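A look at the structure
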Amino acid sequence: MALKAGGGIMYNSYRPTLSNILFVNNTAKYGKNIASYPIKIKHGNATSTRIVVNDIVSGQASVNFEFSLLDYDDQVMTLDSVSKIVLNPINASASIRGKSLENMEQGALVFNNAIFVSKPGSSNVEYSVISDAIDMSIAKAIYGTDYALPKIVVNFR
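**What to know about the sheet that holds strand β11 (residues 151-156)**
- A sheet is described by the order of its strands in space; here five strands give the open sequence β4-β11-β10-β6-β8, paired in mixed fashion. With partners counted over all chains shown, the strands left at the sheet margins are β4 (50-56) and β8 (101-103), one partner each. Recorded for the sheet is a direction-independent mean angle of 20° between the axes of neighbouring strands.
- Bridge count for β4 against β11 is five bridges, and the pairing is parallel. Looking at the pairing, Val-52 lines up with Val-153 of β11.

Structure (structure tokens):
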């Protein structure tokens, strides 16, 4: 039994090659059998890293987003209540009002009242979703060019 993470195995770089391993009666607050490090941000139940928000009134409409911090095995990092996720405009003409930075609470958080700003009628305005918990050098080494953090794409009225 692990007191915190990794009931059987905990690693912090490349995932070990596992074969013919049977985990029995392992318990941990996070990672019953295997635990690692934060590597992904997931939006709600989405399967895509592209989050599209349509028909937004610039500077007026607030949008709520739920994100989770996941490890290599897609487990929510339930022990993390210190990391942060920030929303940043990618396009130079865009901005965010309201809260664009939130703290994790047991590996998850909700952005309430994110207010997106851009020229009315603008489309495909992109905002990045990043976390201080993710080591981008490790993420890119493991996933290569396939690695992508979520992006919010806003289409304004």
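**Digging into the sheet that holds strand β7 (residues 95-97)**
- Pairing is antiparallel in the open sheet, where four strands are placed in the order β3-β5-β9-β7. This sheet does not close on itself; its edge strands, each paired only once, are β3 (38-43) and β7. Strand after strand, the sheet turns through a mean of 45° between neighbouring axes, direction not considered.
- Looking at chain direction, β7 and strand β9 (residues 108-117) are connected through three bridges and run antiparallel. Bridged to Ser-95 within β9 is Val-117.

**Here we look at the confidence of the model for the protein chain**
- Residue-level pLDDT values for the protein chain average 88, and 95% of them are 70 or greater.
- Ranking the helices and strands of the protein chain by mean pLDDT puts β11 first, with 96, and strand β1 (residues 9-10) last, with 82.

**Observations concerning the nonpolar core**
- With 34 residues, the main nonpolar core has Phe-65, Phe-67, Phe-116, Tyr-127 and Ile-152 as its most contacted residues.
- For this core, the secondary-structure elements that each account for two or more residues are β2 (34-35), β3, β4, β5 (62-71), β6 (84-89), β9, β10 (125-131) and β11.
- The contact partners of Ile-152, leaving out residues within four places of it in the chain, are Ile-51, Val-53, Phe-65, Phe-67, Leu-87, Phe-116, Val-125, Glu-126, Tyr-127 and Val-129.

**Section: the pairing of β9**
- Sheet analysis places β5 next to β9, joined by six bridges and oriented antiparallel. Its bridge partner lying in β9, Ser-62 is registered against Ile-115.

**Description of the pattern of salt bridges**
- Applying the stated criterion across every chain, the model contains four salt bridges.
- Residues Glu-102 and Lys-99 are paired through a salt bridge, measuring 3.6 Å at the closest nitrogen-oxygen approach.
- For Lys-99, a relative accessible area of 47% puts it in the partly exposed group.

**Focus: the side chain of Ser-36**
- Examined against the element boundaries, Ser-36 turns out to sit in the loop between β2 and β3.
- Of the residues examined, Ser-36 reaches a relative accessible area of 5% and is grouped as buried.
- In this structure the side chain of Ser-36 is engaged in a polar contact, spanning 3.4 Å, whose partner is the backbone nitrogen of Tyr-72.
- The contacts of Ser-36, once residues within four sequence positions are left out, are Met-10, Tyr-11, Tyr-30, Asp-71, Tyr-72 and Met-77.

**Topic: the side chain of Glu-102**
- Tracing the backbone shows Glu-102 in strand β8.
- Sequence-distant contacts of Glu-102, that is, excluding residues within four places in its chain, are made with Ser-83, Lys-84, Ile-85, Leu-109, Val-110 and Phe-111.

**Examining the layout of surface pockets**
- Put simply, the largest pocket is a space of about 270 Å³.
- What lines the largest pocket is a set of 16 residues, among which Lys-40, Ile-41, Thr-47, Thr-49 and Ala-148 lie closest to the centre.
- Here the element with the most residues in the lining of the largest pocket is β3; it accounts for five residues.
- Counted by class, the lining of the largest pocket contains eight nonpolar, four polar and four charged residues.

The rules behind the values
Per-chain numbering applies: the sequence of each chain, read as written, is numbered from 1 onward. Thresholds applied to this predicted model are a pLDDT of at least 70 for local features of residues and 80 or more for the giving and counting of side-chain atom pairs; totals over whole chains, interfaces and linings are not thresholded and use all residues. Neither water nor hydrogens contribute to the side-chain values; these are computed over all heavy atoms in the structure. When DSSP locates at least two bridges between a pair of strands, those strands are taken to pair. A run of H or I in DSSP becomes a helix once it reaches four residues, and a run of E becomes a strand once it reaches two; helices and strands are each numbered from the N terminus. Lines fitted to C-alpha atoms define the axes, with helix axes restricted to the stretch in contact, and inter-axis angles between N-to-C directions lie between 0 and 180 degrees. Note on scores: pLDDT gives the predictor's confidence for each residue, bounded by 0 and 100. Joining through side-chain atoms within 4.5 Å is the link that ties buried Ala, Val, Leu, Ile, Met, Phe, Trp, Tyr and Cys residues into a set, and such a set is a nonpolar core. Buried means the residue's accessible area, taken with a 1.4 Å probe over protein chains only, is under 20% of the maximum for its type, while exposed means over 50%, and partly exposed covers the values in between. Residue contacts follow a heavy-atom distance rule, with two residues in contact if any of their heavy atoms lie within 4.5 Å. Think of a salt bridge as a Lys or Arg side-chain nitrogen and an Asp or Glu carboxyl oxygen that are within 4 Å of each other. Throughout this description, a polar contact denotes any pair of N or O atoms lying within 3.5 Å of each other; where both atoms belong to protein, one of them has to be capable of donating a hydrogen while the other can accept it, and for residues adjacent in sequence the pair is counted only when both atoms sit in side chains. Method remark: on a 1 Å grid restricted to protein atoms, a set of points is classed as a cavity if a 1.4 Å probe fits but cannot get out and as a pocket if it is open with protein on both sides within 12 Å along at least five of seven lines; lining residues have an atom within 4 Å of a point. Grid points are joined across faces, edges and corners, and a volume is the space filled by probe spheres set on the points. Each residue is assigned to one class: nonpolar for Ala, Val, Leu, Ile, Met, Phe, Trp, Tyr, Cys and Pro, charged for Asp, Glu, Lys and Arg, and polar for all the others, Gly among them.

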